[in-house]
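One-letter residues, chain by chain:
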Amino acid sequence: MLKLKQKFDLHRDVVSDILRKEASVCRVKEYSGAVDTRILNIERDGGILYSWKGATGTTRIGKFDSNTKQNKLLYTFDKQVCVSSCSLNKEETLLAVSLAQNTRGEERLKPISKCLTLLIEIHPINNTKVLKAVDCRVKVQFLHAETDRRSVLESHLLLLTEDGYVDLYHVMLTKQEGYRVVMANPERLLKTAERIVEDFCWLQWDGHTQRVYYLTHSVTHPQDKFLMRCVQFYPNHNCETMLEFPLESPANLFRTVNFVNLGFDHYHQNSPEQEPLRLKVFTNIIGSMCVCYSQHLKARQEVIYTVLLVHNDCSKTFRVSLGSEQKATHLHPLFIPIGYHILVYLQDHFLHCINTRQQEMVCHSLFLSGLDVDLGLQSESADVTVLHSEEESSGSVLDLGSGRIHEAELSPAFLLKILRAPSRCPSSKTDPQRMAALHCLLVYLGNDPNLELKITEWLFDNVNAFDSFDQIQEFILASLYRISYEKSLSLDKVLPYSSVLDKKEIPACLLEVPGVLCTTELHIEPVFKGKASSLQGFWSELQWNTERTHSLDADPRYRTSHIQADWDKLRAERRPSSHMNRIEENTKKVLSMVDTWCLDKKLVPLFREEDHQHRALIGLTVDKLREHLNRHLPRLGKKKIDSLVVNYVAKLLELIRHMLESAWLKYKLGPRVLCLKQQGSPGEWSVFHFMFRILEATRGLCLPLPPGYHTLLAVFAVRCLPQPTFLQYVDHGFLQLTETFVSRLMTDLDNSDANERLKFSILKRLPEPMEQRIYHMWDHPVSSAWISRDYVRTQLEKLNKSKGFAFSGRDKPGFRPEFLPLTYLAKILSDIEEQAPNPFEEQENVDARFVEETALKQTLILLGFEGK
């Protein structure tokens, strides 16, 4: 399920370098002693702080630069010490450390504190200042604010204590002798401490966003409620509480204070039993916040975990049964953020890939159990730490046991394997997994053209709809959703995401996962404080998303099928109107955008004709989607919405062209597919079936198709289907007889008996205006007779309407008087032609002579004197 890419290896990147340096200190060729290297902290810039025991009986602290891949010695203690917490300021001039002091043995008799916190000048190594000497654990962490200033002569340090408070120290620096950076007025340092947080029982530091999340007891409900709060640190090092919301949990859940993302204390580790609640907060820069926590159950035969979706103002609690014969060997699952998914992983048991943006249905989140859930981590889950950056789409996993950091990504190969699961498996089990895997591939991983091609090939090989959902509809909607989901989180609630939401009755297998019980609670009631409403970026997006969740209608999502009534009404319109003109302008915008994308893509013969009916549907789709977004998301602005909807519909047409192009390449089709004289090959029949399924899927969603699609489908149908079946498809509305297709059929096929029957059958099914135009294209006695009759009818209607018409009685050369009724009719037509212009003359050279010759030829055919 996960693809782990190694980013750091403690032995390869650090220990090997330390051994060379220790060998140099000892003046030996190869150092054979143990160095006991331990990772202490990972700073915002990716730098990894570590300690090791030197050959001279000292403890040293170094830094591995993840950009240059170089190691740097920061400080050497004059004896061996136990470093429990460590942090380095951004300018690498100050080092803060907390030392766990030995109170056993001989040291027990001395008055000594359990923890000593020091601030050390290291540029160059100079003074050391004692910040705290207390009997509780103390964590240290420098703020790393982004600044454009080249030289910063101040640093700001957080001290976080096990007694439940956080202090912020403002350390002013000064330069001496041009290069020495030392503390200014170190004696006043302790007086600069500012109390930031009090009375917390759990705290998480987010170095990438410079935030502190903490839990404190609720004043109103101290027994069963906590308050989750977030403190934001600004570039000027001021801070403010931005958000708080209640979190229900047993009051006695935290026996000791828990620290998250504040380095690694190798001298104090809680046992799993001492961690009854595992809690982590994950955010995304687009404005989402997820609070994930799991509870330790003594029975160990089920696991309970909750994902609080602050941006959607709801929480989802999952209760997973491990079976009566299974017991959880690990008390808590891991929570791993990957994009907008949260992976919940319990080693040897299950993996749940939770979709945090489309959480309404469980079928959009992938749940796996058994042999499919091995992530390849060598250590126990208690030794694995998840590292997260708001800006990065993938999380990282630190295996403390091996000292390796892996970047975690969803594995496309594994997800494709789920799609290709054999059909002999029960559809009730495979369909939900297929849907979840398909959405993971398309939305999160879908920017890879090669991956999209593999998904299209899978669609081609599995063209028939599954029992519980239509995979082509899902492919279209999820692919279109991908172009907008990164632009604004609010679009999640209004754009179509899945076709199953339009079903009158959703299949039961898509609403539940065997062995997993899911409950949903609404209204988290987040409260934004301070400057959150005036800030840009994450906080403004998160606040707006939560507010929109309350203000939106019960079902604000755009339903493509709701356009059907407007589409039927539009097709009934015959006269031009301002509404029709606006829709045509929408269509022009979409097709011009598609043209710019398809300059070098002419493999599939689409976009080459004026398909008036589907041009109107293209414009209507733009119109209705724009109207919907303007109503629900006016904050985006009309200009951005107009660009979004035009791009959305253009992507739809381009997506279908791309699907057909994949089929074209698969079967190596060429221009010969447009030749109506040849019978279709097996490959062409497969393409026809695929195109027919696309038609069925888009019609079910009332989505437009590219101009020329119906013509191409009809050409394949003539080549691949028996004539009676072809006509049945036409009669049932599955095939559309476009003027381009009918004119090509009339001109390309000869007038054999079978082809004549087909042509006559098609002519009878055409609307009258198109029928008239087609007769003028077909070189056949019947078409000549029809043209003549129509011409005579038109001219005689003019005669009845005209006044003062007089028959001249003059004979014209070329008339044969042998058949008097025909001669008389020809004279009338000739006289009418002289008095009024002939509307047929410019295009078809139809006149009285043409009528006379056609009539005589028809007579000879009927009498058997001449063949057709």
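Higher on the page you've got the structure.
A brief structural summary. Each residue is numbered by its place in its chain's sequence as written, counting from 1. Only residues with pLDDT of 70 or above have their local features reported here, since the model is predicted, and side-chain atom pairs are shown and tallied only from 80 upward, although totals for entire chains, interfaces and linings are computed over all residues. Hydrogen atoms and water are omitted, and side-chain values are computed over all heavy atoms in the structure.

## A closer look at the pairing of strand E2 (residues 38-42)
Remember that side chains alternate between the two faces of the sheet whenever the strand is regular.
Line of reasoning, step 1. Inspection of the sheet shows E2 paired to strand E3 (residues 48-53) by 4 bridges, in the antiparallel sense. The partner of isoleucine 42 across the bridge, within E3, is isoleucine 48.
Line of reasoning, step 2. Here a strand pair is declared whenever DSSP counts at least two bridges between the two strands. A run of DSSP states H or I qualifies as a helix once it reaches four residues; a run of E qualifies as a strand once it reaches two. Both are numbered from the N-terminal end. In this antiparallel pair of consecutive strands, E2 and E3, the connection spans 5 residues, and glycine 46 shows a positive phi of 90 degrees.

## Brief notes about unusual backbone geometry
Line of reasoning, step 1. Omega for the peptide link from histidine 123 to proline 124 comes to -5 degrees, which places this bond in the cis form.
Line of reasoning, step 2. Not every positive phi belongs to a glycine, and glutamine 210 is a case in point at roughly 55 degrees.
Line of reasoning, step 3. Positionally, glutamine 210 belongs in the loop between strand E15 (202-206) and strand E16 (211-217).
Line of reasoning, step 4. The class of glutamine 210 is buried, set by a relative accessible area of 5%. Burial classes follow relative accessibility: with a 1.4 Å probe on protein chains only, a residue under 20% of its type's maximum area counts as buried, one over 50% as exposed, and anything between as partly exposed.

## Thoughts on the pattern of salt bridges
Line of reasoning, step 1. Any carboxyl oxygen of Asp or Glu that lies within 4 Å of a side-chain nitrogen of Lys or Arg is treated as forming a salt bridge with it. With the rule as written, the count across this model stands at 40 salt bridges.
Line of reasoning, step 2. In this structure, the salt-bridge partner of aspartate 502 is arginine 559, at a minimum N-O distance of 3.4 Å. Separated by 57 residues along the polypeptide, aspartate 502 in the loop between helix H5 (471-485) and strand E31 (516-522) and arginine 559 in the loop between helix H6 (538-551) and helix H7 (564-572) bring together distant segments of the chain.
Line of reasoning, step 3. Judged by its relative accessible area of 30%, aspartate 502 falls in the partly exposed class.
Line of reasoning, step 4. Classification of arginine 559 as buried rests on a relative accessible area of 13%.
Line of reasoning, step 5. The residue arginine 744 makes a salt bridge to aspartate 748 at a minimum N-O spacing of 3.7 Å. In this pair, arginine 744 and aspartate 748 are both assigned in helix H14 (residues 739-748), 4 residues apart and thus about one turn of the helix distant.
Line of reasoning, step 6. By relative accessible area, which is 31% here, arginine 744 ends up partly exposed.
Line of reasoning, step 7. A network of salt bridges, in which partner residues are shared, links Arg582, Lys589, Asp623, Arg626 and Asp642.

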